[in-house]
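So the chains spell out like this:
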Amino acid sequence: MGLILVAVFAANAFDRVFDEGVSAYNEQAYPAAIVSFEKLVDEGVTQPEVFFNLGNAYYRNGQLAPAIANYERALQVNPGAITVRENLNRAVGQTERGLARPRPPAWEEGLFFCHAGRTAGQSLAVAAVCWTLGWGLLMLRMARPWPYLRAAAWIALAVAGLFGASWWIKSHPPLLAVAAEARVPVRYGNRPGETVRFELYEGDRVRVDQRKDGWMRVQTADGERGWAQEEQLLLVGPPFISYRDRVKSSAPVEQAALDAVGYGDATR
Amino acid sequence: MFARGLIFAAMLFAPALSFAEPGVLRASVPNKEIVQDHPFWLIIEASGGTVDLQELPECDGVVINTASPQQTTHLSIGGGVQRQELRISFPAVAIRAGKVTIPPIQARIDGRILQTEAIVLEVKPAPESDKKEMPVRAWLDATEVIVGRPFWVYVEATGIEIVLPNTIAAEGIEIDPVNVQKSVSYSFNHEGQQMIAKRGYLATATREGAITIPPIEVQVTGRIVKTEALTLTARNAAAPVNPPAGEAPSAAQLTQDDLVFVRMETDKKTAYQGEPILLTMQLWRIQDRRVNAGPWRGNLITGPTAEGFFTRDLEPVQYEAKNGSWAYDVTETRRLLYATRPGTLRVGVWHWEGIALINRQSVTQRDRLHYRFDQGPIDITVKPLPAAPAGFTGAVGSFEVSAEIGAAVVTQGVPLALTIRVQGAGNPDAVGDPLLPELPWATTRQPERRVELVAVPNTLQPRMDKRFVYAITPLQPGHAEIPPFPFVYFDTEKAAYQTTTLGPFALEVTATDEASTRLLASEEVPVAERKVEILAEDIRPLMERPATLAPARAARAPLWFLAFAAPAAAYAAMRIVSGRRRRMAENRGWARSQRARTSGLRRLQDVAQSPEPADALFRATVAFVADTLNLSEEGLTSGDVRAELDRAGLPGDLADRTVQILRACERARYGSQRLSRDEVAALISGAEACMNSLDELTRGGKKTWA
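Residues numbered from 1 in each chain as written. Chains lettered and ligands numbered in written order. Predicted model: local features only at pLDDT ≥ 70, side-chain atom pairs only at ≥ 80, totals over all residues.

### Points about the overall build of chain A
When helices and strands are counted, chain A shows nine helices and seven strands. Considering chain A as a whole, with its 268 residues, one finds that 41% of them fall into the buried category. Excluding contacts between residues fewer than 6 apart, the proportion of contacts in chain A whose partners are at least 24 apart in sequence is 59%. (Helix = DSSP H or I, 4+ residues; strand = E, 2+ residues; numbered from the N terminus. Buried ≥ 20, exposed ≤ 12 C-beta atoms within 10 Å, placed from the backbone. Contact = placed C-beta atoms within 7 Å.)

This is the structure:
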């Protein structure tokens, strides 16, 4: 009973924080909205609505990088969300060069052409249904040896395997990062003195291949690679880490709003 | 003359059986009469399972062309043996009269070396008429050339075997080592085959005056033959090359430079910052059905660098134009350049490479010319703009500006479109949003921008047409006015800022109670008009709070594991049960042994209530042993049971205990003394222990005690 009460209380608290974020957003107090939604992220709430609204708040606050990162998070949780994709495209369109997101390998795009837009859970559910169907058909064949039952069963099991692999891939997405500063130098090596190979602009998305000593080896959509400092990039995740230490706030009224939701210190 | 390297090797797998026909090798000359310098055929015929022709021997007085023989192969299979019959015809020619001998020719056939007989030829001297004909000749495509312009020198030879020089040397000309034409053809007649080799050298005169190309040496059929010397006259390029007026140009007057050339130019060399500059890159190709030219490496798209310019590529155009007396197809790539900073900016070098194929006599005889052109660089002087007045939004060029409103009478709350149109020559991306005055009676959104580039006849530069559509929503009813407002741009023709005043616009706003909730039923609107007009693009609004807002739950791994494991486990269980059932049905002995303990214990429970417990116990125990060992229980005595237990290899003490119980029962059955209740209970207990032990040792029909 006590656990139920705690759960209900916690749920109400999350709803209240969400509503506070929406209210702050509607009052154009975007930093306050950001910290409200980031608080939910801190608590482990990873529903796409939270990331989407957080992306909107960052966008309105003039911070393209965290906005793009949060839209990407929302798409990771729900790849089929058209609204999120539209806002992401709009935000990316406002970056310096609208760099495309690094694409998955060609074999993955070819083999798993059907899983675009599906969540990992949906892939797993389809895999479970096909798996059960396959074994069920094999059991049915023991009782009723109808023709083609075995072939149908193997097809169902093969589809289950395909969607199982799809689930695995979606559950282990490539680590994306977003350039958080106006210009992020990408160097040949992971030391500050290394030659700059190319530059990323704020909002450019890259895939992270490797992390080492505060540096990330990143790869762009066109295959260019290099090392960039972690502090100049925002990791999309998972895990979904809050970006609240990067909130820009200058107006005192907004600071008051932050204090009101209990996150005032975060932006000072 | 020495024979060339190995000519031919034909290896086919065929079993060399003892009854196979022996290999055959023959050489012959079918010509009845051999004349000096006249071709003839040397024919070699070979047959066998595997044939490997050896290198031809050197022949004194005969040249044999081993590079291009005529060959036929016939395969046959007879009696399980595969044979091949080869007939190879070599073109040959005798280079001296008299008796000439072709030595024996060898071949390895079915592992054995065979050789032909030597062929002795009686060669007649060549007729006097033949000696006058030169087997080589050289000529020029023009005897009067321009200094610095290329022309062709051709050498052609006819013979059995020809080696043409890679280049030629002469005072006053240079030979292009890249553009060398090579062609080889063959002629056949009843006597034999002859090769016709031709080579074209691209030459350029380096001085004016008469130039003599000395005789060119060519190796023909083993002999060195010289061409005749060639003479030409070179003159300077200043001399007229175009035909006189009224005369059609002749192909002979075309030079390599006239076939294909490129041009790059800009419409101005001085411009203001932001002013459009048109860069054109033209590829000129002569209109001649014999000439086909095009890019080889690089093309028009990879144009020159334009650092410091904002560029906009226009659609390429193709048209016909004249240059001198010749007509050309011109492919023109156009690019608009907008200088982004003052100073001297440079349009880089445009490098173009291509080839031209020129049909000389037929499609197969074509000249192939390589071209490399570099155009540019072009320096542009960019002047800075003067100090800008208030309201300047970045438009530089020559413009016409206008404004209009959608309606003079509008409804409160319903957006009204104010369209400002900027047309002219300029960079549309640099034309910023016009500054609207404050409208306290309405709300104004960011304008929607539409840009079009329209081609204008007889001008190279396109005309830009940029529209700014503002959505103005009146909030109050009554009379309203959009006051006049300026649009400032820099006019490059007048070199000064120009201000165009737009407006004012008077409006009547009618009141409505449902201004904010005005809706149109879809049935009232035609289908074609149901699409709303987007007045301002922006991000999509916030999402609603989901029904359950909660942290991501820990992975439901156990549930998913169950979901995936359960079907497989169910299938496995079903397989086991099904297999057991089938074995029960098919293997009666195994089925009896499986049920022996259960049925034995059930019988023991009935023993105590039986009127003849000793008899019932005996039957129960015997039935259990019979079931366990798959025996017939009818007529089994304690001795039989002992023998069967021993035969089954069961432990002796267990057999002893079982037999003791059975004998006790037999004594009670056939003796006069009945068993007491305690004795029955003890025997039942002992029988139960024996059954359990026997069942454990024989479970599943397998002997586990061994």
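### Here we look at the overall build of chain B
Scanning chain B from N- to C-terminus turns up eight helices and 42 strands. In chain B, which comprises 706 residues, the share counted as buried stands at 26%.

### Concerning the sheet that holds strand E19 (residues 217-220) of chain B
Pairing is antiparallel in the open sheet, where three strands are placed in the order E15-E19-E20 (chain B). This sheet does not close on itself; its edge strands, each paired only once, are strand E15 (162-163) and strand E20 (223-226) of chain B. (Pairing = 2+ DSSP bridges.)

### What to know about the interface of chain B and chain A
With 19 residues of chain B at the contact, the number on the chain A side is 30 residues. Residues that form the side of chain B that touches chain A fall into these classes: 16 nonpolar, one polar and two charged. (Nonpolar A, V, L, I, M, F, W, Y, C, P; charged D, E, K, R; others polar.)

### Topic: the sheet that holds strand E2 (residues 34-35) of chain B
Residue and element names in this part refer to chain B. Read across the open sheet, the three strands follow the order E2-E11-E8; overall the sheet is mixed. Every other strand in the sheet has two partners, leaving E2 and strand E8 (98-102) as the edge strands with one partner each. Here E2 pairs with strand E11 (residues 119-124) via two bridges, running parallel. If you follow Val35 over to E11, its bridge partner there is Lys124.

### Topic: the confidence of the model for chain B
Residues and elements named next belong to chain B. Across chain B, the average pLDDT comes to 78, with 83% of residues at 70 or higher. Across residues 297-301 the pLDDT falls below 50, and counting only partners more than four positions away or on other chains, this stretch makes nine contacts in the model. Throughout residues 515-525 the model reports pLDDT below 50, and contacts reaching past four residues in sequence, or to other chains, amount to ten contacts. (pLDDT = per-residue confidence, 0-100.)

### Digging into unusual backbone geometry
Residues and elements named next belong to chain B. In this model, Gly376 is joined to Pro377 through a cis peptide bond whose omega is 0°. Note on placement: Pro377 falls in the loop between strand E31 (366-375) and strand E32 (378-383). For the peptide bond that leads from Gly503 to Pro504, omega is 0°, which places it in the cis range. Tracing the chain through its elements places Pro504 in the loop between strand E41 (496-502) and strand E42 (505-510). Even without being glycine, Ala495 reaches a positive phi, approximately 55°.

### Some thoughts on the pairing of strand E4 (residues 205-212) of chain A
Residue and element names in this part refer to chain A. Judged from the three bridges that link them, strand E1 (residues 176-179) and E4 form a sheet pairing that is antiparallel. Paired with Ala177 across the strands is Val206, a residue of E4. Pairing between E4 and strand E5 (residues 215-219): five bridges, direction antiparallel. The residue bridging Arg207 from the neighbouring strand is Gln219, located in E5. Linking E4 to E5, which pair antiparallel, is a turn of two residues; within it Asp213 sits at a positive phi near 50°.

### Section: the nonpolar core
Counting residues in hydrophobic clusters, the biggest one holds 57 residues, and the most contacted among them are Ala33, Ile68, Tyr71, Ala177, Val178, Ala228 and Leu233 of chain A. The element best represented in this core is helix H4 (residues 64-77) of chain A, accounting for nine residues. Ignoring sequence-local partners within four residues, the contact set of Val178 of chain A consists of Ala65, Ile68, Ala69, Gly203, Arg205, Leu233, Leu234 and Val236 of chain A. In this structure, Cys59, Ile88, Ile168 and Ile213 of chain B belong to the second largest nonpolar core, which totals 54 residues. (Core = buried A, V, L, I, M, F, W, Y, C linked by C-beta atoms within 7 Å.)

### A short note on H4 of chain A
With 14 residues, H4 of chain A ought to run about 20 Å at 1.5 Å a step, and its terminal C-alpha atoms sit 20 Å apart, in line with that. Summarising burial for H4 of chain A: 14 of the 14 residues are buried, a large majority. (Expected span 1.5 Å × (residues − 1).)

### Concerning the packing of helix H5 (residues 613-629) of chain B against helix H8 (residues 677-697) of chain B
All names here are of chain B. Two numbers describe how H5 lies on H8: the axes approach to 11 Å, and their chain directions differ by 5°. Taken as axis vectors, H5 and H8 run roughly parallel relative to one another. Across the interface between the two elements, Pro613, Leu617, Ala620, Thr621, Phe624 and Thr628 of H5 pack against Val680, Leu683, Ile684, Ala687, Met691 and Leu694 of H8. Considered class by class, the residues forming the contact of H5 with H8 number ten nonpolar, two polar and no charged. (Axes fitted to C-alpha atoms, helices over the stretch in contact; angles between N-to-C directions. Parallel < 35°, antiparallel > 145°, perpendicular 65-115°, else oblique.)

### Quick look at the packing of helix H7 (residues 120-143) of chain A against helix H3 (residues 557-586) of chain B
Direction vectors running N to C along H7 of chain A and H3 of chain B enclose 5°, while the axes themselves pass 9 Å from each other. Relative to H3 of chain B, the element H7 of chain A lies roughly parallel. Contacts from Leu124, Ala128, Trp131, Thr132, Trp135, Gly136, Leu138, Met139 and Met142 of chain A of H7 of chain A reach H3 of chain B at Trp560, Ala563, Phe564, Pro567, Ala568, Ala570, Tyr571, Met574 and Ser578 of chain B.

### A look at the environment of Ser89 of chain B
All names here are of chain B. Along the chain, Ser89 turns up in strand E7 (residues 81-94). For the pair Ser89 and Glu45, spaced 44 residues apart in sequence, the C-alpha to C-alpha distance is 8.8 Å. Apart from residues lying up to four places away in sequence, Ser89 is in contact with Trp41, Ile43, Pro69 and Gln70.

### Quick word on the pairing of E41 of chain B
All names here are of chain B. As judged from the seven bridges shared by strand E40 (residues 485-491) and E41, these two strands associate in the antiparallel manner. Along E41, the bridge assignment pairs Pro486 with Thr501. Counting the residues in the hairpin turn of E40 and E41 gives four residues, including Ala495, whose phi is positive at 55°.

### Remarks on the environment of Ala616 of chain B
Residues and elements named next belong to chain B. Looking at the element boundaries, Ala616 is found in helix H5. Classification of Ala616 by C-beta neighbours within 10 Å gives buried; the count is 20. The sequence separation of Ala616 and Asp606 amounts to ten residues, and the corresponding C-alpha distance is 7.9 Å. Among residues more than four places away in sequence, those in contact with Ala616 are Asp606, Val607 and Ser610.

### A few points about helix H5 (residues 82-93) of chain A
Residue and element names in this part refer to chain A. The end-to-end C-alpha distance of H5 is 16 Å, a good match for the 16 Å that twelve residues give at a rise of 1.5 Å each. Three or more residues of H5 are buried, namely Val84, Asn87, Leu88, Ala91 and Val92. Within H5, the buried residues cover an arc of 135° as seen down the axis, which keeps them to one side. Projecting away from the buried face of H5 at angles above 90 degrees are the exposed residues Ile82 and Gly93. The inward-facing, buried residues of H5 abut helix H3 (48-60) and H4. (Arc of directions from axis to C-beta.)

### Observations concerning the environment of Leu336 of chain B
Residues and elements named next belong to chain B. Note that Leu336 resides in strand E28 (residues 326-339). For the pair formed by Leu336 and Thr311, sequence separation is 25 residues and the distance between their alpha carbons is 5.6 Å. Every residue in contact with Leu336, bar those within four places of it in the chain, is listed here: Pro276, Leu278, Thr311, Arg312 and Leu314.

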